[in-house]
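Notes for the structure review
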Amino acid sequence: STYTEMILEKGSFEGAYEKTQRKVEEEYVTTCINSASLWVPVNTLNFWIVPIPYRVLASCVVSTFWGCYLSLVQHKPISLVDEQASSGTCYHEKNSKQAI
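Residues numbered from 1 in each chain as written. Predicted model: local features only at pLDDT ≥ 70, side-chain atom pairs only at ≥ 80, totals over all residues. Heavy atoms only, no water.

**Let's talk about the overall build of the protein**
Heads up, the condition is: Each helix corresponds to a stretch of at least 4 residues labelled H or I by DSSP, and each strand to a stretch of at least 2 residues labelled E; elements are numbered beginning at the N terminus. Buried, partly exposed and exposed residues are distinguished by accessible area as a fraction of the type maximum, computed with a 1.4 Å probe on protein chains only: under 20%, between the cut-offs, and over 50%, respectively. Contacts are assigned to residue pairs that have any heavy atoms within 4.5 Å of one another. In short, Shrake-Rupley with a 1.4 Å probe defines the accessible areas, and a residue's cover is counted only from the protein chains shown.
Of the regular secondary structure elements, the protein holds 5 helices and 0 strands. Taken from N to C terminus, the helices and strands of the protein fall in the order α-α-α-α-α. Burial status across the protein gives 16% buried among its 100 residues. Relative to all contacts within the protein whose residues are 6 or more apart in sequence, the contacts with residues 24 or more apart total 56%. As presented, the protein carries roughly 8,000 Å² of accessible surface, and 65% of it is formed by carbon and sulfur atoms.

Here it is, written out as structure tokens:
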């Protein structure tokens, strides 16, 4: 299967821990702040103004856009500081050059 091949491929998890740690350091606080900035007003208005039969629909609509935002944040390429200093390119650029 594709997953098994990915695991067995040499270097498939190379730098995974560092990438994950870097991504959390860069984006976790911002994502939490954006979450509170969106969901506190949305839920306040939802429970205060939106009629009961439409509350789930209103939450689902906003949730769809929130999911798109999270997807964009999650798939934004990150760079590792050590690799940038040594090679002059970010991790994403280095891997895309190897794939070519």
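Having put the structure on the table, let's press on.
**Regarding the side chain of Glu27**
Considering the arrangement of structural elements, one finds Glu27 in helix 2 (residues 16-48). Those residues within four positions of Glu27 in sequence are excluded, and the remaining contacts are Val73, Lys76 and Ile78.

**A short note on the pattern of salt bridges**
Defined as follows: In the sections that follow, a salt bridge refers to a side-chain nitrogen of Lys or Arg positioned within 4 Å of a carboxyl oxygen of Asp or Glu.
Evaluation of the coordinates by the stated rule reveals 3 salt bridges. Note that Glu26 and Arg22 form a salt bridge whose closest N and O atoms lie 2.8 Å from each other. Of the two residues, Glu26 and Arg22 both sit in helix 2, 4 residues apart, roughly one turn of that helix. Glu26 gets classed as partly exposed once you look at its relative accessible area, which sits at 35%. Arg22 sits in the partly exposed class, given a relative accessible area of 24%. The partner of Lys76 in a salt bridge is Glu27, and the shortest N-O contact between them spans 3.6 Å. A residue pair is termed long-range when its members are at least 10 positions apart, and Lys76 in the loop between helix 3 (55-74) and helix 4 (81-87) and Glu27 in helix 2 qualify at 49 residues. By relative accessible area, Lys76 is classed as partly exposed at 45%.

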